[in-house]
Each structure stands twice: as C-alpha cells, then as structure tokens.
Amino acid sequence: MRSDFLASLGQLNEMLAETPVASVAGKVRGVSGLTVEISGLSYHAAISQRVAIHGAGERVIPAEILAFSDNNQKAMTLGHTERIRAGMEARIEASARALASGDAEPFADRGGLMVSDGWLGRVIDPFGAPLDGRGYLPAGASRRLLRAAPPTATARARLGGRLDLGVRVLNTFTTAAIGQRLGLFAASGVGKSTLLSMVARHTECDVVVLALIGERGREVREFIEEHLGAAKMARSVVVVATSDAPPLARRESAHAAMAIAEHFRDEGRSVLLVMDSVTRYCQSLREIALSCGEFPAARGYPASVFTELPRLLERAGPGVAGADGRAGFITGIFTVLVDGDDHDEPIADAVRGILDGHIVLDRRIAEGGRYPPVDVARSLSRTMAQVTPPDEMALAQRGRAILARHAELTRLLEMGVYEMGRNGEFDRILEKGRAIEALLSQNSEERVAIEDGFRDLAAIVTE
C-alpha cells in the first residue's frame, strides 16, 4: 500500500512539474488548407516548436511550427482546423520544471514520452494518451524524446543470434538476426496484415511495440484482440493513429513507437517493432511538406521525405553495448505498400536501400491459394549467412534453386511445351517444387520453429 502511494505521489509531482506556468503569446492571422499562420511569437518560435492555440471554447488546439519568415510562423495543428479563426491566441508555454532549472531557453520544446513498464498491455495515441479506456498511464522516471539520434555507428553492438519468427517461409529462406531491420513489401489485399499478425504473435522477444499508422479504425480492435492475442498483448504497446487522424498525428505515431521501443531496448531487452506502414508515414510527411510550400520531386514526394526516412529507420537495430558487453535490440518489421504492384516506386526503392532485407508478397501466389504468399525468389535477408549454419544455408540455397526451376517448368507445362514423363530429372524437380510450395503454406494460428522448418525442408530437398 505504501509503495503504491509513493508511486502515485511521484506521478503527481511529475505532472505538476510539467504544468505550464508561463507563456509567450502570439495571434492567429489566418488558415490556409492544413496550415495556420501565426504572428508575434518573435524569436521564441523554432522549427518543431509546439504551440497551444486558445479560444475555441474550452478546447486548446495544439499545433507545431513548420516554417517561419520574419515575424510570421506557419504551423499545422495536431488536431483538425475546425473552429480556428483569426485573432485567436497562440502560446508557447514553459513548464514549472523548465523555469526552476534556470535554463536560458525555458520555452524550448521538451516534448516526449515518460515510458514505463506500466505501458505494457496498453493502447495509446501518438502523444501518450490512453485509448483503451483503462485510465492513466504510469509515468516512467525519465522523458524519452520522440526525435532521438540513433546510437553512434561505432558504438552500436553487433547483431545478435538468429531470431525465430515462427513463420516457416521466413525462418528458412529469409532467416533474420536479432536487431535486424526487415521490410515487408506488398500491394493492398495480398495478405500483409495476416503475415504481420503471425510475426507479432509468434516471434520470440521480450516486448512488442506495434505502430498502426493510417489504419482503418475498425481494424485496430480486430488486430489487437484476434491477431495479436491476449498473451502477446500483455507484453505489447500499441500506438494508433487511424486514417482520419491529421498528418502530424500520423507522423508522430511512427516517432512515438520508435521512442517506446528505444526505451525498452536501452533497458537491455529484445524488442520487436512492427510498423504498419512506412508508406503512410511518408504520405503524412508529403502532406506536411506540400502544405508548407515545398516542391514535389519523385512522384509527388518532396525531397525532405527522403531525408526524414533514414533518420527514423536508422534508430532501430542494436543498442550500445554496456560494460558487460550486453546490449538491447530493436528488431524492426516495416511494411511498405507498393503502389499498383510497382516495387520500384520511390518509397519502396528508398526503404529497400536502407533496411537489412526485404520480404516480398506476390498477388499471383496469393491468388494461387498459398499463404503466406511470400515470393522466395525476390525476398532476401542480408544477414542470413551470418546467423545460419553452413549446412542449413546450403539447404536454403538448394530449395531456392528448386523453386526457380519449378516455376520455369510449370510455365512450360502450361504452354504445352513439356509433358510429364518425358524427362525424369524435370519430373523430380516438379515434384519437389510442389512439395516445397505445400510446405511453405502455413495456417496463421500455427507456429513453426526454425529447427523444424529446416528439418522439413531437408526431407524434401535431400530425398
């Protein structure tokens, strides 16, 4: 009882320390599209500075400074722009903690998340507010910035051992390492969400951080309750910004999920970060940049999108090794929605160049009835050779070769160029190819360990 009281008292002190007690005020001059023009904040306004717009009844509308010129600032609201009008007051506020510290810049933005173990099992919005109706989120001991720099490249730990994802086709043909970053590339309606749910539920890890960016509202609860499951949800934090959320909220959901994952990684834990999807994150960046007057470049995406993308993705991976040589890890699964099955569109191409591997889902495989519809020939894990024994690596390469020859011979069969029985070697390849295709089919509730996957593949390849 006493410990609970002290914990509650600490949370109250933290809330009071962050309460705004001073402010610098400006005025709203106009609204254009998604942006709000503000004047009078002088040199206190900086890029990414949070602003509170007052005057819409009892509601305070938060906004963020995106651009400025002379004494005018251009901001975008973290909510919607309804009820904003000229003359409203826009304030940059300073907390009691900032003033007490004697900081030379007390109005500098100190936003972030007070992450703690009490967040496990919870569903939150990008700003740390609970969405699950279960009340206040327990605050951690320190504030985690949403935009942290990744660990120094030379100080980061090496990747860990191989990671069991629980999905046979991924374990055997794109074996992942702990701390690796993988991209999941798929067009709409190919089975991406089902495969994500399998990975999130079956992967061996300490914590799961799930970012649902721009998802349909009806799918959020369905994913949590049916696909993730109660047991895994108890060790998960879910960050949600649905498709109707403003672009700033959708953008912040990616940064919030990464910051939460970094918190648990820095405690030495193995974290699985699932971000669905990077494409919608980039679309929110595009909306923000175009609203500020930035010129479009590749297929309508401004250049700043391709600057922000690696700044986010590079934060995943191994942490800094401690004195004992141990480190925490963020294993990242980032989905990319390829436009019209075009896997060379700008976002897909940029993400593929940053990450440590890519998993490609193919619509024709899905239409053929094999799930998950992973295209083995086009999927690759760049760290597979580092974490896979030579004998199992040889099995995977042999399996790839059989699948490639099987695809060629199947086309010849369909064209009538080849008939079964004319060539014994070709017939054996077709039989083994069909057996491997059948092996790669897996029910979403089924979990297949790495060892079992390679054993089953060996039974087909070496017979």
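Residues numbered from 1 in each chain as written. Predicted model: local features only at pLDDT ≥ 70, side-chain atom pairs only at ≥ 80, totals over all residues. Heavy atoms only, no water.

(A) Main features of the overall build of the chain. Within the chain, the regular secondary structure consists of 15 helices and 19 strands. Here the C-alpha atoms of the chain give a radius of gyration of 25 Å, agreeing with the 23 Å that 2.2 N^0.38 yields for 463 residues. Principal-axis analysis of the C-alpha atoms gives the chain an extent of 85 × 55 × 40 Å. For the chain, the residues scored as buried account for 51% of the 463 residues in total. Summarising the internal contacts of the chain: among those between residues at least 6 apart in sequence, 72% fall at separations of at least 24. In the chain, which carries 54 positive and 60 negative side-chain charges, the distance between the mean positions of the two groups comes to 1 Å. (Helix = DSSP H or I, 4+ residues; strand = E, 2+ residues; numbered from the N terminus. Rg over C-alpha atoms; globule rule 2.2 N^0.38 Å. Buried < 20%, exposed > 50% of the residue type's maximum accessible area, 1.4 Å probe, protein only. Contact = heavy atoms within 4.5 Å. Lys, Arg positive; Asp, Glu negative; His and termini not counted. Charge placed at Lys NZ, Arg CZ, Asp CG, Glu CD.)

(B) Local environment of the pairing of strand E13 (residues 270–276). For E13, the tally of buried residues reaches seven of seven residues, placing the bulk of the element in the interior. A two-sided burial pattern is seen for E13, the buried positions comprising Ser270, Leu272, Val274 and Asp276 on one face and Val271, Leu273 and Met275 on the other. Here six bridges tie strand E11 (residues 207–215) to E13, and the two strands are oriented parallel to one another. Bridge pairing in E13 links Ala211 to Met275. Two elements, E13 and strand E17 (residues 329–337), share six bridges in a ladder whose sense is parallel. Looking at the pairing, Leu272 lines up with Thr331 of E17. (Pairing = 2+ DSSP bridges.)

(C) Focus on helix H15 (residues 450–461). Along its twelve residues, H15 runs 16 Å from first to last C-alpha, staying within 8% of the 16 Å computed at 1.5 Å per residue. For H15, the set of buried residues is Ile450, Gly453, Phe454, Leu457, Ala458, Ile460 and Val461. Viewed along the axis of H15, the buried residues span an arc of 160 degrees, placing them on a single side of the element. For H15, the elements touching its buried residues are strand E8 (162–163), helix H3 (168–173), helix H12 (384–387), helix H13 (390–415) and helix H14 (424–440). (Expected span 1.5 Å × (residues − 1). Arc of directions from axis to C-beta.)

(D) Quick peek at the packing of helix H4 (residues 192–202) against helix H5 (residues 217–228). Relative orientation of the contacting elements H4 and H5 amounts to 55 degrees, with a least axis distance of 10 Å. The orientation of H4 relative to H5 falls into the category oblique. With respect to the hand of their crossing, H4 and H5 are arranged in right-handed fashion. Side by side, H4 and H5 meet where Ser193, Leu196, Ser197, Ala200 and Arg201 of the first sit next to Phe223, Glu226, His227 and Leu228 of the second. Residues belonging to the contact of H4 with H5 are distributed by class as follows: four nonpolar, three polar and two charged. (Axes fitted to C-alpha atoms, helices over the stretch in contact; angles between N-to-C directions. Parallel < 35°, antiparallel > 145°, perpendicular 65-115°, else oblique. Left-handed = near helix turned anticlockwise from the far one by under 90°. Nonpolar A, V, L, I, M, F, W, Y, C, P; charged D, E, K, R; others polar.)

(E) Spatial organisation of the confidence of the model for the chain. The pLDDT averaged across the chain works out to 86; a share of 90% of its residues lies at or above 70. Across residues 98–110, confidence stays below pLDDT 50; counting only partners more than four residues off in sequence or on other chains, it has 23 contacts. (pLDDT = per-residue confidence, 0-100.)

(F) Inspection of the packing of aromatic side chains at higher detail. Tallied over the full model, the rule gives one aromatic pair. Centroid distance Tyr301 to Phe306: 6.3 Å. Interplanar angle 70 degrees. Geometry classified as edge-to-face. Exposure remark for Phe306: the relative accessible area of 28% places this residue in the partly exposed category. Between Arg352 and the ring centre of Phe185, over which it is positioned, the NZ or CZ distance is 5.6 Å. (Phe/Tyr/Trp six-rings, centres within 6.5 Å; stacked < 30°, edge-to-face > 60°. Lys NZ or Arg CZ within 6 Å of the ring centre and 35° of its normal.)

(G) Spatial organisation of helix H8 (residues 278–291). The terminal C-alpha atoms of H8, which comprises 14 residues, lie 20 Å apart, in line with the 20 Å expected from a rise of 1.5 Å per residue. Within H8, the full set of buried residues consists of Val278, Thr279, Arg280, Tyr281, Cys282, Ser284, Leu285, Ile288 and Ala289. One or two residues past the end of H8 sits Gly293, with phi positive at roughly 95 degrees.

(H) Spatial organisation of unusual backbone geometry. Of note, the amide linkage connecting Asp276 to Ser277 takes the cis form, showing an omega dihedral of 10 degrees. Mapped onto the elements, Ser277 comes out in the loop between E13 and H8. The peptide bond linking Tyr371 to Pro372 adopts the cis configuration, its omega dihedral lying at -5 degrees. By the element assignment, Pro372 lies in the loop between helix H11 (363–367) and strand E19 (380–381). Of note, Ser48 is a non-glycine position whose phi angle comes to about 75 degrees, a positive value.

(I) Focus on the pattern of salt bridges. Taken as a whole, this structure holds 37 salt bridges when the rule is applied. A salt bridge links Arg216 to Glu219; the shortest N-O distance between them is 2.7 Å. (Salt bridge = Lys/Arg side-chain N within 4 Å of Asp/Glu carboxyl O.)

(J) Examining the pairing of strand E12 (residues 236–242) more closely. Of all seven residues in E12, seven are buried, a share of seventy percent or more. What you see with E12 is no split at all: Ser236, Val238, Val240 and Thr242 on one side and Val237, Val239 and Ala241 on the other are buried throughout. By the bridge criterion, three bridges tie strand E7 (residues 122–124) to E12 in an arrangement that is parallel. Within the sheet, the bridge partner assigned to Ile124 lies in E12 and is Val239.

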